[in-house]
Amino acid sequence: MQLRIPGPTPLPSQVLEAMTRQMINHRGKGFAELINDLTAKLKALFQTKDDVFILTSSGTGGMEAVIVNTLSPGDRVLAVCNGFFGERFADIAEVFGAEVERLRFEWGTAVDPQAVGQALKKDPSIKAVLATHNETSTGVTNDLASISATAKEFDKLVLVDAISGLGSIELPVDAWHLDVVVTASQKGWMAPPGLAMVSVSQEAWQAHAQAKMPRYYWDFTKCKSFLERGQTPWTPGLSTFYALAASLDLIEQEGLANVIARHARVGQAARQGVKSLGLALFPEESCASNTVTAVRVPDGLDVKKLLQVLREERNLVLSGGQQRLEGQIFRIGHLGWVNEADIEVVMRELEIALPQAGFTRGGQVSG
Ligand SMILES: *Cc1c(COP(=O)(O)O)cnc(C)c1O
């Protein structure tokens, strides 16, 4: 079965095998060596000199950790939203008592940094900007460098969901002055689900010292003091740590610049392939993501049928649209362990399945 969804992704055999390793004492020397090695490698891949923590959680837990460690109830927050995951980040802040202003952009378009500047100018009481690096629901990569530069002009904290972008698309955390950035193991990292990785800047630590949102499991102070002893506050998902160690070895061997270049080639191949099948991209091509391609569902195409035929007859799993995009788009995940040959397979299968789901090139609807 070929899994081409935007996480979880297929795993190389070295990563799968790493998960068969026997358990160790998470308060022992062996684990300390493991977490210290992982943390050093992640810092290099985040391109940060500040702290990086590994949380046993899916990405959303990491997003919650970002919020509760930096904000207090009543804080004003600007959430820049251009898709489902931007809305989720805003929802989390709201649940914990932040006063959230949502600056929305049409789904399929990128966030306009100028509009962010205008919103910040209008409301000086805003403390933090919530941004999504790569909006997985619409297949859009935002211009995070410009969003951050704008937020920093106004001296705001920049909190980033980079769950499906970091490690696959260029994102130098320190150079872009990003305060807290979260990603998750099952996206571009060639690792199984179960870990969120988060960086914390000096400015974020200052905010953390004042932050009063309730937190217990997610506490960066505890993360830091335990990491000094080579531990995590709570029992870590050991098997996923083993797997991540194996996948980071592979990423290190390939080199971050090569990994990013590979995702750029694969993204380009996916967009080209979709267009040559006679389909249209959902997002504006100028901001189309290199880790996930969202395809507009044309008239006549029964997308549910398409995904079913691919899954049941062609052994290929693609994703549908989320929430209001259900039935409007389908998505091809191409992050992590993926190359151009995998995209060729996807396009070949699509070419076979599309007519069975009512779409033929040229736009006619077939029987
Ligand atoms: C996948 C994803 C999430 C959610 O991560 P989970 O691991 O499912 O909790 C959040 N934001 C973005 C951008 C994602 O791609």
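The numbering scheme is per chain: residues are counted from 1 as the chain's sequence reads. Local features in this predicted model are restricted to residues whose pLDDT is 70 or higher, and side-chain atom pairs enter the listing and the counts only when it is 80 or higher, whereas totals over whole chains, interfaces and linings include all residues. Derived side-chain values reflect all non-hydrogen atoms in the structure, with water molecules and hydrogen atoms excluded from consideration.

Asks: Account for the site of the ligand, naming residues and giving values.
Replies: If you check the shell around the ligand, you find 13 residues, and the closest are S58, T60, T136, D161 and K187. Between the ligand and K187 there is a distance of 2.6 Å, counted from an oxygen atom to a side-chain nitrogen or oxygen. Computed on the free molecule, the ligand has an accessible area of 380 Å², of which 88% lies beneath the protein chains in the complex. Numbering of helices and strands runs from the N terminus; a helix is a DSSP stretch of H or I covering at least four residues, while a strand is a stretch of E covering at least two. Sorting elements by how many residues they give to the shell around the ligand places helix α3 (residues 59–70) first, with three residues. Any residue outside Ala, Val, Leu, Ile, Met, Phe, Trp, Tyr, Cys, Pro, Asp, Glu, Lys and Arg is labelled polar, Gly included; the first ten of those are nonpolar and the last four are charged. Residue composition of the shell around the ligand, by class: three nonpolar, seven polar and three charged. By convention in these notes, a residue is near a molecule or strand provided one of its non-hydrogen atoms lies within 4 Å of it. Definition of a polar contact: a pair of N or O atoms within 3.5 Å, with one able to donate and the other able to accept a hydrogen when the atoms are protein atoms, and with sequence-neighbouring residues admitted only if both atoms are side-chain atoms. Values of accessible area rely on a 1.4 Å probe in the Shrake-Rupley scheme; residue burial ignores everything except the protein chains shown.

Asks: Outline the sheet that holds strand β5 (residues 126–132), listing residues and values.
Replies: When DSSP finds two or more bridges between a pair of strands, those strands are recorded as paired. The seven strands lie next to each other as β2-β10-β9-β8-β5-β3-β4, forming an open sheet whose pairing is mixed. Looking at strand neighbours, the two that pair on one side only are β2 (51–56) and β4 (99–104), the edges of this open sheet. Strand after strand, the sheet turns through a mean of 20° between neighbouring axes, direction not considered. When β5 meets strand β8 (residues 157–161), the two strands line up parallel, connected through five bridges. Opposite A131, over in β8, you have V160 as the bridge partner. Helix α2 (residues 29–46) contacts β2, β9 (180–184) and β10 (195–200) of the sheet and is inclined by roughly 120° relative to β2. Axis definition: a line fitted to C-alpha atoms, over the contacting stretch in the case of helices. Angles run 0 to 180 degrees between N-to-C directions. When checking whether two residues touch, look at their non-hydrogen atoms; a contact exists if any pair is within 4.5 Å.

Asks: Outline the layout of surface pockets, listing residues and values.
Replies: Here a cavity denotes a set of grid points, spaced 1 Å apart and computed over the protein atoms alone, in which a 1.4 Å probe fits but from which it cannot get out, and a pocket denotes an open set meeting protein on both sides within 12 Å along at least five of seven lines; residues with an atom within 4 Å of a point are reported as lining. Grid points are joined across faces, edges and corners, and a volume is the space filled by probe spheres set on the points. The computed volume of the largest pocket comes to approximately 200 Å³. Forming the walls of the largest pocket are 14 residues, and the residues nearest its centre are P12, M190, W337, V338 and N339. Listing elements by their share of the lining of the largest pocket, those giving two or more residues are β1 (2–3) and α9 (238–254). Considering only residue class, the lining of the largest pocket consists of eight nonpolar, two polar and four charged.

Asks: Please provide a residue-by-residue account of the packing of α2 against α9, values included.
Replies: At a closest axis distance of 10 Å, the pairing of α2 and α9 adopts a crossing angle of 45°. With respect to α9, the element α2 is oriented oblique. The way α2 lies across α9 gives a crossing that is left-handed. Every residue of α9 that contacts α2 at F31, L34, I35, L38, K41, L42 and L45 is listed here: L238, F241, Y242, L244, A245, L248, D249, I251 and E252. A class-by-class count of the residues in the contact of α2 with α9 yields 13 nonpolar, no polar and three charged. For classification purposes, an angle smaller than 35 degrees is called roughly parallel, one larger than 145 roughly antiparallel, one from 65 to 115 roughly perpendicular, and anything else oblique. Definitions for this section: a left-handed crossing has its near helix turned counterclockwise from the far helix by less than a right angle. A right-handed crossing has that turn clockwise.

Asks: A description of the packing of helix α11 (residues 303–313) against helix α12 (residues 340–356) should follow, citing residues and the corresponding values.
Replies: Two elements in contact, α11 and α12, have axes separated by 9 Å at closest approach and are oriented at 130°. On the basis of the axis angle, α11 is oblique to α12. Judged by the sense of rotation from one axis to the other, the crossing of α11 with α12 is right-handed. Across the interface between the two elements, K305, L306, V309, L310 and E313 from α11 touch E349, L350, A353, L354 and Q356 from α12. Along the lines of polarity and charge, the residues of the contact of α11 with α12 split into six nonpolar, one polar and three charged.

Asks: Tell me what's going on with the environment of N258, and back it up with residues and numbers.
Replies: Position of N258 among the secondary structure elements: in helix α10 (residues 256–276). Residue exposure (1.4 Å probe, protein chains only): buried if accessible area is under 20% of the type maximum, exposed if over 50%, otherwise partly exposed. For N258, a relative accessible area of 46% translates into the label partly exposed. When the C-alpha positions of N258 and S168 are compared, they lie 9.6 Å apart, and in sequence the two are 90 residues distant.

Asks: Describe empty space enclosed by the protein, naming the residues involved and giving the relevant values.
Replies: Across all of its chains, the model carries two cavities of 30 Å³ or more by this definition. Roughly 90 Å³ of volume is contained in the largest cavity. With three residues, the top contributor of residues to the lining of the largest cavity is β2. Partitioned by chemical class, the residues of the lining of the largest cavity number eight nonpolar, three polar and one charged. One number sums up the size of the second largest cavity: a volume of about 60 Å³.

Asks: An account of unusual backbone geometry is requested, with residue identities and associated values reported.
Replies: Cis geometry is found at the peptide bond from G7 to P8, where omega equals -5°. Here P8 shows up in the loop between β1 and α1 (13–18). Positioned with a positive phi, Q47 is a non-glycine residue whose angle comes to about 55°. Structurally, Q47 is set in the loop between α2 and β2. Using a relative accessible area of 29% as the deciding quantity, one classes Q47 as partly exposed.

Just distances and angles here, no functional claims.
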